[in-house]
Amino acid sequence: MNKKLSYVDIINILAIIVFTYIQNVANSFTIFCENYHIKYYILFLIAIFDLLLVNKSKGKISFFRDGKFFFEAKSIFRFFFIIFIITILCQIKNGFNSFIINEFLYIIVPLVFAIIMIMCSGNKSEKIINILFYWYIMLFFITNISNLTLANIKTISFSKSYSPFESGLSNAFYIFEFYYLVRNEKKKSFLSLFFTVLSLKRISMLFGILTFIIMPILKKMALKNIKINNTIFFLTVFVFVIITLLMNFAYQPEFANFIRTNYGIEINELTLDRYQRTSFIIENKDKINQGLGSTTYFLENYYRVPAKARNLHNDLLRILYECGIIGLISMLYFYFKAVKNNIFSFSLMISLFANSLFNHNFLGAGVAESWIVIYFVIYWINYENKIFFKGE
């Protein structure tokens, strides 16, 4: 088969490269792009351009109609539809606010772009992921070239959650690590873990290490049964719902006072300001009433702390506060259902949701490029993994 990249592939890859560069290097332009949502409009226009070209090729249309990534996309779109209905009902009751347009752009555009990019790429996903992997390594060096010294490397502290190279690149490198471990490419997977550690995000680093340990176990399980049974599926959803509700309880002011009084532990310091941010939302929960995006809008306008604190840094709590328990269960159910037929994709999704308990990996601005890579990796695992995929 011809694995040469087409002009469309190159345009799509360049779009991701440009926007990841802007996101991580050109800070002033990043703010401009995010404020006016230019990135999402351009990605959407590129996707439409791709689709027009795809329509000229019946083979590529049938590629998607044959079911490749259709099941996964359909499941995730169902979640989008449910929270859209919840958000519309909330806004009918409490007044319309335009931030919902932006919030749905943030989640829909990456999926649409990834779907069409997959349709156009054919069987070239491995090559595309490799190109993006090497680009992310280049991006790390571009970002940190001025302070990449042995002395700075020695200052990395997991306990203090400090690294002079800390960035969201850590999350992306974990995705690459997972992908290369499934592919049995040990050098690239170790290199991915190395950069995950350097660009320290504690949860990504923790899962990076754990994935190295448990991947052989996953592979033995996959040889017996690649699919996740219903018991494990529903149990996983249930566990994440319970964890989210427990975290909601832990962020209540009464609980924080109890811990401070009896154990002398400041939860806000322990959670790196997440407690203060979340408790502020809890205290003003009657104002979080306009559906998806309500917490971010409220923090941006009323939380008088540094601008970076505009995000709740817990996507599961955020969806609980904005769309209620139905929104939370729907999110977990449909994302996990999308990867239920493959133990590797399911395991990857578990790590993403675990990370989202402490970060914003699913919702909000700034995650588009990461999710395009994630969708591509899930596609490869589910449909092009020759070792474990049995064509079911």
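As the structure is a computational prediction, the values presented were derived from the model and not from experiment.

## Some words on the overall build of the protein chain
Thought 1: Scanning the protein chain from terminus to terminus reveals 19 helices and zero strands.
Thought 2: By sequence separation, contacts in the protein chain at least 24 residues apart represent 77% of the contacts at least 6 residues apart.
Thought 3: Summing over all exposed atoms, the protein chain offers an accessible surface of approximately 18,400 Å²; the carbon and sulfur share of this is 66%.

## Some words on the environment of aspartate 273
Thought 1: Its location among the elements puts aspartate 273 in the loop between helix H14 (267-270) and helix H15 (274-283).
Thought 2: Distance from aspartate 273 to leucine 312, taken between C-alpha atoms, is 9.9 Å for residues 39 residues apart in sequence.

## Some points on a nonpolar patch on the surface
Thought 1: Residues Leu235, Phe238, Val239, Ile242, Leu245, Leu246, Ile325, Ile326 and Ile329 make up a contiguous nonpolar surface patch of roughly 790 Å² in combined accessible area.
Thought 2: Taken together, the elements giving at least two residues each to the nonpolar patch come down to helix H12 (230-250) and helix H17 (315-338).
Thought 3: Looking at the nonpolar patch element by element, the count peaks at six residues for H12.
Thought 4: Relative to the helices and strands, isoleucine 329 is located in helix H17.

## Points about the packing of helix H6 (residues 99-121) against helix H19 (residues 368-384)
Thought 1: Across the interface, H6 lies against H19 with an axial gap of 9 Å and an inter-helix angle of 45°. On the basis of the axis angle, H6 is oblique to H19. For the crossing formed where H6 meets H19, the hand is right-handed. Contact residues: H6 offers Pro110, Leu111, Phe113, Ala114, Met117, Ile118 and Ser121, while H19 offers Ala368, Trp371, Ile372, Tyr375, Phe376 and Tyr379.
Thought 2: A class-by-class count of the residues in the contact of H6 with H19 yields 12 nonpolar, one polar and no charged.

## Details of the packing of aromatic side chains
What characterises a pair of aromatic rings is the spacing of the ring centres plus the angle enclosed by the ring planes.
Thought 1: Scanning the model with the defined rule gives 40 aromatic pairs in all.
Thought 2: Summarising the aromatic geometry, the rings of tyrosine 136 and phenylalanine 173 are spaced 6.4 Å apart at their centres and angled 75° between planes, so their arrangement reads as edge-to-face. Taken together, the positions of tyrosine 136 in helix H7 (residues 125-144) and phenylalanine 173 in helix H9 (residues 169-182) put the pair 37 residues apart, joining distant regions of the chain.
Thought 3: Take tyrosine 136: its relative accessible area is 3%, and that puts it in the buried class.

## What about the confidence of the model for the protein chain?
Thought 1: When pLDDT is averaged across the protein chain, the result is 83; 87% of the residues are at 70 or more.
Thought 2: This stretch, residues 58-63, has a pLDDT under 50; its non-local contacts, to residues over four places away or in other chains, come to 11 contacts.

## Overview of the packing of H9 against helix H10 (residues 186-198)
Thought 1: At a minimum axis separation of 8 Å, H9 and H10 run at an interaxial angle of 160°. On the basis of the axis angle, H9 is roughly antiparallel to H10. The element H9 and its partner H10 pack so that their crossing is left-handed. Residues Ser170, Phe173, Tyr174, Phe176, Glu177, Tyr180 and Leu181 of H9 lie in contact with H10, whose contacting residues are Lys188, Ser189, Ser192, Leu193, Phe195 and Thr196.

## Side note on the pattern of salt bridges
Thought 1: This model, assessed by the stated rule, comprises seven salt bridges.
Thought 2: Between aspartate 286 and lysine 287 there is a salt bridge; the shortest N-O distance is 4.0 Å.
Thought 3: Residue classification places aspartate 286 among the exposed positions, given a relative accessible area of 53%.
Thought 4: Under the relative-accessibility criterion, lysine 287 is labelled partly exposed at 45%.

What counts, and at which threshold
- Residues numbered from 1 in each chain as written.
- Predicted model: local features only at pLDDT ≥ 70, side-chain atom pairs only at ≥ 80, totals over all residues.
- Heavy atoms only, no water.
- Helix = DSSP H or I, 4+ residues; strand = E, 2+ residues; numbered from the N terminus.
- Contact = heavy atoms within 4.5 Å.
- Areas by Shrake-Rupley, 256 points an atom, 1.4 Å probe, with all protein chains shown as cover.
- Patch = residues over 30% accessible without salt bridge, like charges linked within 9 Å, V, L, I, M, F, W, Y side chains within 5 Å.
- Salt bridge = Lys/Arg side-chain N within 4 Å of Asp/Glu carboxyl O.
- Axes fitted to C-alpha atoms, helices over the stretch in contact; angles between N-to-C directions.
- Parallel < 35°, antiparallel > 145°, perpendicular 65-115°, else oblique.
- Left-handed = near helix turned anticlockwise from the far one by under 90°.
- Nonpolar A, V, L, I, M, F, W, Y, C, P; charged D, E, K, R; others polar.
- Phe/Tyr/Trp six-rings, centres within 6.5 Å; stacked < 30°, edge-to-face > 60°.
- Buried < 20%, exposed > 50% of the residue type's maximum accessible area, 1.4 Å probe, protein only.
- pLDDT = per-residue confidence, 0-100.

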